[in-house]
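Now for the letters of each chain:
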Amino acid sequence: VLFASGRQDVAAGEIIALPAAPGGIIELELGFLLAREVTAPPADPAAALALAQAVAPVIELPSPRVFGAPAPGAPGLVAANILADRYLVGPRVSL
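These remarks concern the structure in this document.

Cut-offs used in this document
- Residues numbered from 1 in each chain as written.
- Predicted model: local features only at pLDDT ≥ 70, side-chain atom pairs only at ≥ 80, totals over all residues.
- Heavy atoms only, no water.
- Helix = DSSP H or I, 4+ residues; strand = E, 2+ residues; numbered from the N terminus.
- Buried < 20%, exposed > 50% of the residue type's maximum accessible area, 1.4 Å probe, protein only.
- Contact = heavy atoms within 4.5 Å.
- Pairing = 2+ DSSP bridges.

1. So, the environment of alanine 54
- Relative to the helices and strands, alanine 54 is located in strand β2 (residues 52–61).
- Alanine 54 sits in the buried class, given a relative accessible area of 4%.
- Among residues more than four places away in sequence, those in contact with alanine 54 are Gly31, Phe32, Leu33, Arg92, Val93, Ser94 and Leu95.

This is the structure in structure tokens:
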């Protein structure tokens, strides 16, 4: 889950400043843009897919705020979505 507040809209060729942090990373993902807010779990995979209006390449710039802290482990990072911060969205493809 990436929140709207983290979206970075940049022009082609623009340089994005990344915070200095040991082991800084980027993540390349496919992002599904939803047609509406999801208020309950979908009943099945087809219902989940029906919620998506488009797919787009996404470059996520995770937050380094946990670097240097005791490692919470992968399941904890995913469950808390603790690294979500900024991201760039490429061209959309309608579904």
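Following the structure, the description resumes.
2. Thoughts on the pairing of β2
- Taking burial as the measure, the 10 residues of β2 include seven buried ones, the bulk of the element.
- Note: strand β1 (residues 27–34) against β2, eight bridges, orientation antiparallel. Its bridge partner being in β2, phenylalanine 32 is matched across the sheet by valine 55.
- Alignment of β2 against strand β4 (residues 93–94), held across two bridges, turns out to be antiparallel. Across the sheet, residue alanine 54 finds its bridge partner in β4, namely serine 94.

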